Each structure stands twice: as C-alpha cells, then as structure tokens.
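Letter by letter, the chains look like this.
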Amino acid sequence: MKRPSYCKRLLKGMRIGVLMGGLSAEREISLRSGKAVFEALKRKGYNAVCIDPARDLGLQMLRRKVDAAFICLHGTPGEDGTVQGLLEFMGIPYTGSGVLASAAAMDKIVAKELLIYHGIPTPAFEVNENGKTAGKRVPLPVIVKPAKQGSTIGVTRVKIKKDLEKAIRFARKFGPKVLIEKFVKGRELTVGILDDMPLPVVEVRPMSGFYDFKSKYTPGRTEYLVPAPITGRMARRLQGLALSAHSALGCSGASRVDIMLARGDDPYILEVNTIPGMTETSLLPKAAIEAGISFDDLVERILVMAVRGQGMV
C-alpha cells in the first residue's frame, strides 16, 4: 500500500471536483458543505473546482477535466448511488461509499431491513407506500418520514391518531414510500466513522426536544456535547454498534451513524449517513476535532482514502 504522503503528493497535481448543490430538497445544506470542503482543499494546496450539477454532470466533469470527485451532494441523486454509478462508469474516483451501500443507506426501509438481518437494534417500523400501509402496526407515538430524504426534511412526530394521515401525506411529498417508525424516547447520539475507525461520541440536545430541520440548522437551537457525557464503557459500546451498522450496509470512507439511547441504556440505530454534513460546525467534523483531527485534515484524509481505496494512486 502506498504511503499517505505519497498519495498526497500525487493528488496535488490532480484536479478535484467538489460536487455540491444539486437538485434535491437539501440543496442549500449541500452548498454549505461543498463550500467548506472547497475552501479546506484550497488551503491545503489542492487544485479544486466547484461543480453544481444539473442534468449534465458528466459533461461538466469532462469539460473541467476533473480527476477525482469529493461528493457533498446530499439527498437524491447525489447520495443514493446514482452519481456514484456515473463516476464509476467514467472511471473517476470519488469520496464516500460505493453504489450499493449508498443506495441501501439512502433508503431508510432497506437500511433497517439490513440492520435487522445483522441483528443490530433499530426501532420497530411499518411501511406506507402509495397510501397503503403494510406490516404490523406500530403503536403511537411514531416518527413519520420519507424513505429517501435527509436533513429531517418531511419528518413529523405523531402523538395522536388523527394526525397520522396528515403526517403521511406530508412525507409523501418527498416520495411514494413512507417510513412509520416507533418513537424512542431518550438521548440522541451520533458516531462518526472514518476509515473504519469510530470517532468520539457526540450528544445532540435540541432546545425544542425534537431534532428537526430548524434545530439542525438554526444557530443556538441545539446544544452539542463533545464528547458525550457517558461512561467509557458505554462510549465503546456505541462506537462498536455504529461500526457494525456502517459495515452491515457496506459503507466505506466516512459516514455518520445516528443512535437513540433509550431509558435503560438500550441503544437503537436510527440511520447511517453516507455523506454527512461537512460544514465546520457539522457533527462529523466536531467529532474529528475531538479526536485531534482538524477540519482541513479531515477533508484531506477523506480525499486520500477515496483515491487510495479505488486504486488511483
């Protein structure tokens, strides 16, 4: 295996395309991540360019002579394996997980089925597709969310029966498949995974009690505790569980695993994010900083992992 320093030297002579923005409902968040990554790469001396893809991503990559891609596209089609497949077809190495893992993690229903198959705890759920619910009914309260959406977009917490259909209709605005998941009361935690190594556990404490879109992206609405105030034994347990979830879905590079720690210290995996937020205040960078990895170094490590792992250098 070539040394990281050798990989970095070769990468400095390549053009890195930072894919950001896109067409999904998470466009604005993606632009924030992409801008932060682009600036970090420039500070590190890389020849980076910003690419905001529409339907002509392939042509843009060719015209701008991109040698490798740093993907900051949240949601569809940047996070679901579509862009990954295009880049593989073009022979361009890219950051993050491959086609299959990206598609599996993006579909929350498929991801939960894989977690259950591997014996990894996740909240009970049922599926509503095209207005019809299949499977065992989950008792209220529940979380209703689109099957393929991130950044808590389209998500509703339902406490009473009369609000359920309204929540399902809202979630269906973002796709035909809706996940109805048992609401687990407890502490919300997250574990970043970097090159198959878990980072320090972060606890998320939204002021509203619900980590929705506003809580995520409005300054001052959420408190982040890094490292989470838990015992070393519990931290190791959650890190091991997060790594198991990351591996069960076949993820690679960097990911972020969201966990709910219920009363009684029972952990449940909520989801695995294959393209976690990459602003300097996002959860993965916060955990990396706690581990002694600066934001710029984190960006560089993710890039080096991608091109080294895909055999480019």
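Everything here concerns the structure above.
These notes cover the structure that comes with them. Keep in mind the model is a prediction, meaning the values are calculated, not measured.

**Quick look at the side chain of glutamate 79**
Stage number 1. Looking at where glutamate 79 falls in the secondary structure, it is placed in the loop between β3 (68–71) and α4 (82–90).
Stage number 2. No salt bridge is formed by the buried glutamate 79; the nearest opposite charge belongs to arginine 256, separated by 7.8 Å.
Stage number 3. Not counting residues within four places of it along the chain, the set of residues in contact with glutamate 79 comprises Leu73, His74, Gln84, Ser102, Met106, Thr274 and Ile275.

**Regarding empty space enclosed by the protein**
Stage number 1. By the definition in use, this model includes 1 cavity of 30 Å³ or more.
Stage number 2. Approximately 100 Å³ is the volume attributed to the largest cavity.
Stage number 3. Taken together, Phe70, Ile71, Thr95, Gly96, Ala254, Thr274, Ile275, Pro276, Met278, Leu284 and Ile302 make up the lining of the largest cavity.
Stage number 4. Within the lining of the largest cavity, the residues separate by chemical class into 8 nonpolar, 3 polar and no charged.

**Structural notes on the layout of surface pockets**
Stage number 1. Looking at the second largest pocket, its volume works out to about 210 Å³.
Stage number 2. If you go around the second largest pocket, you meet 17 residues; those closest to its centre are Pro53, Ala54, Leu57, Pro77 and Val83.
Stage number 3. Looking at the lining of the second largest pocket, the elements that each hand over two or more residues are α3 (57–63) and α4.
Stage number 4. Of the residues forming the lining of the second largest pocket, the biggest block, 3 residues, is contributed by α4.
Stage number 5. Among the residues forming the lining of the second largest pocket, the class breakdown is 8 nonpolar, 8 polar and 1 charged.

**Re the nonpolar core**
Stage number 1. By size, the foremost hydrophobic cluster in this structure holds 33 residues, and its most contacted members are Leu41 and Phe70.
Stage number 2. If you list the elements that add at least two residues to this core, you get β1 (15–19), α2 (27–43), β3, β10 (197–206), α10 (283–290) and α11 (295–309).
Stage number 3. Core analysis: the second largest hydrophobic core is formed by 25 residues, Ile230, Leu241, Ala248 and Leu261 among them.

**Points about the sheet that holds strand β2 (residues 47–51)**
Stage number 1. The strand order β2-β1-β3 describes an open sheet built from 3 strands, whose pairing is parallel. A strand with exactly one partner marks an edge of an open sheet, and here the two such strands are β2 and β3. On average, each strand axis in the sheet is tilted by 30 degrees relative to the strand beside it, whichever way the strands run.
Stage number 2. Here β1 pairs with β2 via 5 bridges, running parallel. In the strand pairing of β2, glycine 17 is matched with valine 49.
Stage number 3. Along the sheet, α4 contacts β1 and β3; its crossing angle with β3, the most-contacted strand, is approximately 175 degrees.

Reading guide: rules and limits
- Residues numbered from 1 in each chain as written.
- Predicted model: local features only at pLDDT ≥ 70, side-chain atom pairs only at ≥ 80, totals over all residues.
- Heavy atoms only, no water.
- Helix = DSSP H or I, 4+ residues; strand = E, 2+ residues; numbered from the N terminus.
- Buried < 20%, exposed > 50% of the residue type's maximum accessible area, 1.4 Å probe, protein only.
- Lys, Arg positive; Asp, Glu negative; His and termini not counted.
- Salt bridge = Lys/Arg side-chain N within 4 Å of Asp/Glu carboxyl O.
- Contact = heavy atoms within 4.5 Å.
- 1 Å grid on protein atoms, 1.4 Å probe; cavity = no way out; pocket = protein on both sides within 12 Å on 5 of 7 lines; lining within 4 Å.
- Points joined across faces, edges and corners; volume = space filled by probe spheres on them.
- Nonpolar A, V, L, I, M, F, W, Y, C, P; charged D, E, K, R; others polar.
- Core = buried A, V, L, I, M, F, W, Y, C linked by side-chain atoms within 4.5 Å.
- Pairing = 2+ DSSP bridges.
- Axes fitted to C-alpha atoms, helices over the stretch in contact; angles between N-to-C directions.

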